[in-house]
Amino acid sequence: MEKVLSGYVGFGNLPSQVYKKSVSNGFEFTLMVVGASGLGKSTLINSLFLSDIYSELPQINEVNIPKTTTIESTRVHIVENEINLTLNLVDTPGFADCIDNSNCWEPILSYIHDMYEDYFENESKVHRTLFEDRRVHCCLYFISPNGRGLKDLDITFMKVLHDKVNLIPIIAKADTFSYDELVRYKRLLLQDIRANSIKIYDFSYKCTLIDDKDISLNNKFIERLPFGVVGSNRVIEVDGKLIHGREYPWGIIDINNIEHCDFSLLKDVLIRYHMQNLKDLIHTKLYERFRAHKLDGNLSPLYGSMDNTECSADLRIQEDELEAEYRVRYSNLLNRHNIYINDLKTNMNEFDSDLKLQQQNFDLQQVEYIEEKRTFEEDHVNFVISVTDTGRSGSIGGKRVAKKSKH
Ligand SMILES: Nc1nc2c(ncn2[C@@H]2O[C@H](COP(=O)(O)OP(=O)(O)OP(=O)(O)O)[C@@H](O)[C@H]2O)c(=O)[nH]1
Ligand SMILES: [Mg+2]
């Protein structure tokens, strides 16, 4: 039985309770960078977050970041408007250095797997305490700026990762392209991504964006994929202002300028607009798949071979997803239908009251018309009487007129 209550219950305060709880717990987010060696992964991580933290100590000279040789996780705490954010930044060694690059993804996959395993163990404990969530929420995949599209290794690597993490492809060192070249290269990469059925992060997934402005911004994110980024740890003075950028004989690139590269868009995606969506997707879909396989006892050590094993857990998850999608579609349709009916009712009410008003006006005019007609008829009768009287008395206008005889 379903009832609609119209009285005050008090749950209108619920959003503020959720907000307060979130603020007191703080937020945790893990970002991983992956790609061939020397593409600027470590530099980008520094540019994204660390430079903001050390902004009071501007680095006038480029800091040489050593080659990354192991998976390094850095934990950074950021406080903004009394809200705590703990960022885990996972830097990985570049691959494609060796002659034989087969299975070069294993250490990275193994790291992602270990973090899921860690979370699974913590949440499965009988006595659970507050624990850290170190699952990788987003993985930035660096594509080489060679202008020739995805390499076989990129395709294999991305396909190994795409159902374990949220994958966002980015073009490294975008300063090596002119604007037109970059647009063409993006188109080529998107074709490669589609042709190879690589699943990248779905920007429209259960979007938390609600107003038109946010949605148009989200469309801008989608239009600019894959993001062409430039990283820099160097602070340059331009017209008295300090900017993070790179200097060339022909000019300066301000990495935060949206007309120079997509770095600030990427930052907006990660921090301002999609952090919660990225986390939700990991928790409700990708980790859920891991958990289901784990409980079914179907997990390979790196769960890399899971793709080929059409196991019951996968089918169940697909079924759940379809059902959830159906529910969302049904409720959207129902909402649209209700809105349409309400609109119709409002229009009919307006039409009704319009009609009533018009009827009243018409009645009023009819009364006036009848009154006018009556007055006119009275005047007419009076006029006829006065003319007849005048004729009889032989005077017009009160004067007597002598009648002429014809003979
Ligand atoms: N032109 C240009 N150079 C960059 C950019 N980002 C980084 N570099 C330079 O590229 C070199 C390698 O940068 P890293 O950040 O160490 O690259 P990495 O991908 O972490 O390298 P590995 O750890 O070896 O995999 C450095 O000299 C950086 O200054 C960029 O956007 N444009
Ligand atoms: Mg590095």
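In this text, all values refer to a predicted model and were calculated from it rather than measured experimentally.

## So, the overall build of the protein chain
Each helix and strand in the protein chain was counted, giving 9 helices and 11 strands. The buried share among the 407 residues of the protein chain stands at 25%. Taking the contacts inside the protein chain whose residues are at least 6 apart along the sequence as the reference set, 70% of them involve residues at least 24 apart.

## Let's talk about helix H4 (residues 152-161)
Listed in full, the buried residues belonging to H4 are Asp154, Phe157, Met158 and Leu161. For H4, the arc enclosing every buried residue in end-on projection is 95 degrees, short of the 170-degree limit, so these residues lie on one face. Buried residues along H4 sit against strand E4 (138-143) and strand E5 (167-171).

## Considering the confidence of the model for the protein chain
Considering every residue of the protein chain, the mean pLDDT works out to 80; 79% of them sit at 70 or more. With pLDDT under 50 throughout, residues 304-310 is counted as low confidence; its partners more than four residues away or in other chains account for 7 contacts. Counting interchain partners and residues more than four positions distant, the pLDDT-below-50 stretch residues 395-407 has 8 contacts.

## Re the sheet that holds strand E8 (residues 241-248)
As summarised here, the arrangement of the 3 strands in space is E7-E8-E9, forming an open sheet in which the pairing is antiparallel. Among the strands making up the open sheet, the edge pair consists of strand E7 (235-238) and strand E9 (251-254). Taken pair by pair, the neighbouring strands of this sheet meet at an average axis angle of 65 degrees, ignoring direction. When E7 meets E8, the two strands line up antiparallel, connected through 4 bridges. Its bridge partner lying in E8, valine 235 is registered against histidine 244.

## With respect to the sheet that holds E4
Strand pairs in the sheet, formed through backbone hydrogen bonds, run parallel or antiparallel to each other. Read from one edge to the other, the open sheet built from 6 strands follows the order E2-E3-E1-E4-E5-E6, with strand pairing classed as mixed. Of all the strands in the sheet, just strand E2 (72-80) and strand E6 (227-228) have a single pairing partner and so form its edges. When E5 meets E6, the two strands line up parallel, connected through 2 bridges. Counted as the bridge partner of isoleucine 171 is glycine 228 from E6. Contacts between helix H5 (residues 179-195) and the sheet are confined to E4, E5 and E6, with E5 contributing the most and set at about 145 degrees to the helix.

## Points about the pairing of E2
The side chains of a regular strand alternate, residue by residue, between the two faces of the sheet. Bridging between E2 and strand E3 (residues 83-91) involves 9 bridges; their strand directions are antiparallel. Bridge pairing links isoleucine 78 to leucine 85 in E3. Linking two consecutive strands that pair antiparallel, namely E2 and E3, is a turn of 2 residues; a positive phi of about 50 degrees is found at asparagine 81 within it.

## Notes on the site of ligand 1
Around ligand 1, the surrounding shell holds 17 residues, and the nearest of these are Gly40, Ser42, Thr43, Thr68 and Gly94. In terms of residue class, the shell around ligand 1 is made up of 4 nonpolar, 8 polar and 5 charged.

## Some words on the packing of helix H3 (residues 106-124) against helix H8 (residues 275-296)
Between H3 and H8, the least distance of the axes is 11 Å, while the angle of their chain directions is 70 degrees. For the element pair H3 / H8, the angle class is roughly perpendicular. Judged by the twist between their axes, the crossing of H3 over H8 is right-handed. Where H3 approaches H8, its residues Tyr116, Tyr119 and Phe120 are matched on the opposing element by Tyr287, Phe290, Arg291 and Lys294. Residue composition of the contact of H3 with H8, grouped by class: 5 nonpolar, no polar and 2 charged.

## Section: the nonpolar core
The nonpolar side chains of soluble globular proteins are, as a tendency, buried together. Counting residues in hydrophobic clusters, the biggest one holds 58 residues, and the most contacted among them are Leu31, Cys139, Leu140, Tyr141, Phe142, Ile170 and Val229. Among all residues touching leucine 31, those that are not within four sequence positions of it are Leu87, Leu89, Val90, His137, Cys138, Leu140 and Leu270.

Rules and cut-offs
Residues numbered from 1 in each chain as written. Chains lettered and ligands numbered in written order. Predicted model: local features only at pLDDT ≥ 70, side-chain atom pairs only at ≥ 80, totals over all residues. Helix = DSSP H or I, 4+ residues; strand = E, 2+ residues; numbered from the N terminus. Buried ≥ 20, exposed ≤ 12 C-beta atoms within 10 Å, placed from the backbone. Contact = placed C-beta atoms within 7 Å. Arc of directions from axis to C-beta. pLDDT = per-residue confidence, 0-100. Pairing = 2+ DSSP bridges. Axes fitted to C-alpha atoms, helices over the stretch in contact; angles between N-to-C directions. Near = placed C-beta within 6 Å. Nonpolar A, V, L, I, M, F, W, Y, C, P; charged D, E, K, R; others polar. Parallel < 35°, antiparallel > 145°, perpendicular 65-115°, else oblique. Left-handed = near helix turned anticlockwise from the far one by under 90°. Core = buried A, V, L, I, M, F, W, Y, C linked by C-beta atoms within 7 Å.

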